[in-house]
Amino acid sequence: MASLIDRSAVDTGNSLSHRRALLALGGGNAVEWYDWMVYGLLASYIGPLYFPSGSSVSETMSALAVFAVGFAARPLGAIVFGTLADRIGRRSVMLFSIGSMVLSSLVIALLPSHASIGVWAGVILLASRILQGLSTGIEAPLNSAYIVELAPEGRTARFGSVISIYVQVGIVGASLVCFLTTSVVAPDAMASWGWRIPFAVGAVGGLIFLWLRRALPETLHAQGEKPAEPARVGQVWAEVWRHRLALLAIIFVVAGAQALNYTWATGLPNLARSAHHEDPDTVFLVSTLAGIGVAALYPLVGRLADRNRISRTFIVSRLAVVPLIFIVLAYQRPGMAMFTVVMLVGAPVLAFTMGLYNTVAATLMPTSCRVTGVGLGYAIGVAGFGGTAPYLLLWLQDIGAAWAFPVYGAVLCLLSVLLYVLVLRRGAVRVGN
């Protein structure tokens, strides 16, 4: 495999500072995550308007089903746009990613309800989520690849943790905007039109970072150097196939992280609002505080990884997370006190799970197929295990088998460690960083 960072691929003396590059890159990533998570947080408002059935739990689950379907588009986005990023460059694909997210968020903000246009409301909503899926299918892996190629020697994990902080800013921002909206807008108005405000905010934010990303340097080839003839599609995919064990490892590295992420970010808040009928304002406030706690821990995770090796920190932290997943079993009945405990205890769980997985995934593929390989593995991991987690959490709770969910999460984490260790033993990844 190629070295961890192909230093010929990036000119660290570029006039655009690392700080500005991280702002444009991370800020755009934050907007992507904000727009993606807002839908999950507002599913209990969206469901009755677009999938009316008379049952609040059923309507919410229908909205969450659309949330999960959006993930199915991620592999397609990774395959198509990941290959383009490995053939022609990273920058133009990043511009497409955030631009399509802005468009889909604006459509959702303005979309008439089922009462106005019938089943077409649900169809257009689903189409918008699929477009968002295409966008997010390439955004996260492309950011991961870009950071690994941009970061100075010995600071890969710290640069990766900065991007993780921006991701958390997007997630926390989604909770915060939802909290502020429900605090200002009356409940009836919130159910009718107020839920659209957070989507409009996301669209405006996306336009700002779309403009900033225009100045990002290209890392597929050296700055000032004439790009080589683009690699053929077959060459890119031949490289991915050659590193198929690493691809499988990426799938489960992502799966373990994202299953927990969506459980805490959208699953538990929707369980609190729809099944246990908790106060929405308080639920959004607690979710926001938990998200801030996660973001505050990310720099520590990055420093630990650069100091003690990324591989070692990942293995130890992922194994330590396994018993902590079972804290979700404490929230079986209504009660904001227990919901708060579960959300806040989950903060360090998420920090050590989410703080490293992007960097770990990016180090498992060479530069020649990094975006394609990481993108495909990321998309499959998120679509198969992350996007379905909120639905699975509510469903298992509803049928009286809540105990099965943390077992499921623990198995995903253990599989990720096993596969990662197998890749290490083959010498396919440099473990010195």
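Only a predicted model underlies this, so the values are computations on that prediction, with no experimental measurement involved.

### Remarks on the pattern of salt bridges
Following the criterion strictly, the structure yields two salt bridges and no others. With a closest N to O distance of 2.5 Å, Glu139 and Arg213 form a salt bridge. Of this pair, Glu139 sits in helix 6 (residues 119-150) while Arg213 sits in the loop between helix 9 (196-212) and helix 10 (233-242), and the two are 74 residues apart along the sequence. A relative accessible area of 2% places Glu139 in the buried class. On the accessibility criterion, Arg213 (0% relative accessible area) is buried. A salt bridge links Arg242 to Glu239, with the nearest nitrogen and oxygen atoms 3.2 Å apart. A residue pair is termed a helical-turn pair when its members lie 3 or 4 positions apart in one helix, as Arg242 and Glu239 do in helix 10 at three residues. Residue Arg242 is classed as exposed on the basis of its relative accessible area of 53%.

### Section: helix 3 (residues 56-88)
With 33 residues, helix 3 should cover 48 Å at 1.5 Å per step; its first-to-last C-alpha distance of 47 Å lies within 8% of that length. Of all the bends in helix 3, the largest measures some 30 degrees and sits at Gly77. Residue Gly89 follows helix 3 closely and has a positive phi angle near 135 degrees.

### Thoughts on unusual backbone geometry
Backbone geometry at His277 places phi at a positive 55 degrees, although glycine is not the residue there. As for its placement among the helices and strands, His277 is situated in the loop between helix 11 (244-275) and helix 12 (280-308). For Arg309, which is not glycine, the phi torsion reads 85 degrees and is therefore positive. Position of Arg309 among the secondary structure elements: in the loop between helix 12 and helix 13 (310-324).

### Observations concerning the packing of aromatic side chains
Tallied over the full model, the rule gives eleven aromatic pairs. Between Tyr50 and Trp195 the ring centres are 6.0 Å apart and the planes differ by 90 degrees, which places this aromatic pair in the edge-to-face class. Note that Tyr50 is positioned in helix 2 (residues 43-50) and Trp195 in the loop between helix 8 (187-194) and helix 9, a separation of 145 residues in sequence. For the residue pair Tyr50 and Trp195, the accessibility class agrees, reading buried in each case. Measuring from centroid to centroid gives 6.1 Å for Tyr357 and Tyr378, while their planes differ by 20 degrees, and the two rings are stacked.

### A word on the confidence of the model for the protein
Residues of the protein with pLDDT of at least 70 account for 90%, and the chain-wide mean is 81. Confidence over residues 1-16 falls short of pLDDT 50; this stretch has 43 contacts with residues more than four positions distant or in other chains. Here residues 222-227 is a poorly scored stretch, pLDDT under 50, and it has seven contacts once near neighbours within four places are set aside; other chains count.

### Considering helix 6
Given a rise of 1.5 Å per residue, 32 residues ought to cover 46 Å, and the 46 Å separating the end C-alpha atoms of helix 6 matches this to within 8%. Here helix 6 lies mainly inside the structure; 24 of its 32 residues are buried.

### Some remarks on the nonpolar core
Counting residues in hydrophobic clusters, the biggest one holds 110 residues, and the most contacted among them are Leu42, Trp195, Phe199, Tyr262, Leu268 and Phe339. Element by element, the count of residues in this core is highest for helix 11, at 18 residues. Those residues within four positions of Tyr262 in sequence are excluded, and the remaining contacts are Trp33, Trp36, Met37, Phe67, Phe71, Arg74, Gly267, Val382, Gly386, Gly387, Ala389 and Pro390. Counting 18 residues, the second largest nonpolar core, distinct from the first, contains Ala21, Leu22, Ala85 and Leu216.

### Focus on the environment of Val177
By the secondary structure assignment, Val177 is in helix 7 (residues 156-184). Spatially, the C-alpha atoms of Val177 and Phe284 are 8.9 Å apart, while their sequence positions differ by 107 residues. If near-sequence neighbours (up to four positions away) are discounted, Val177 is found in contact with Tyr34 and Pro198.

### Points about the environment of Asp306
Mapped onto the elements of the fold, Asp306 is located in helix 12. On the basis of relative accessibility, which here comes to 14%, the residue Asp306 falls in the buried class. Spatially, the C-alpha atom of Asp306 lies 10.0 Å from that of Phe159, the residues being 147 residues apart in sequence.

### Considerations on the packing of helix 13 against helix 17 (residues 404-425)
Angle between the axes and distance between the axes: these two values describe a pair of packed helices. Helix 17 packs onto helix 13 with a crossing angle of 160 degrees between their chain directions and a minimal axis gap of 9 Å. Judged on the interaxial angle alone, helix 17 and helix 13 are roughly antiparallel. You can see that helix 13 and helix 17 cross each other, and the crossing is left-handed. In contact with Ser311, Phe314, Ile315, Arg318, Leu319, Val321 and Val322 of helix 13, helix 17 contributes Ala410, Cys413, Leu414, Ser416, Val417, Tyr420, Val421 and Leu424. Residue composition of the contact of helix 13 with helix 17, grouped by class: twelve nonpolar, two polar and one charged.

Cut-offs and rules
Residues numbered from 1 in each chain as written. Predicted model: local features only at pLDDT ≥ 70, side-chain atom pairs only at ≥ 80, totals over all residues. Heavy atoms only, no water. Salt bridge = Lys/Arg side-chain N within 4 Å of Asp/Glu carboxyl O. Helix = DSSP H or I, 4+ residues; strand = E, 2+ residues; numbered from the N terminus. Buried < 20%, exposed > 50% of the residue type's maximum accessible area, 1.4 Å probe, protein only. Expected span 1.5 Å × (residues − 1). Bend = angle between axes of the 7 residues up to and from the residue. Phe/Tyr/Trp six-rings, centres within 6.5 Å; stacked < 30°, edge-to-face > 60°. pLDDT = per-residue confidence, 0-100. Contact = heavy atoms within 4.5 Å. Core = buried A, V, L, I, M, F, W, Y, C linked by side-chain atoms within 4.5 Å. Axes fitted to C-alpha atoms, helices over the stretch in contact; angles between N-to-C directions. Parallel < 35°, antiparallel > 145°, perpendicular 65-115°, else oblique. Left-handed = near helix turned anticlockwise from the far one by under 90°. Nonpolar A, V, L, I, M, F, W, Y, C, P; charged D, E, K, R; others polar.

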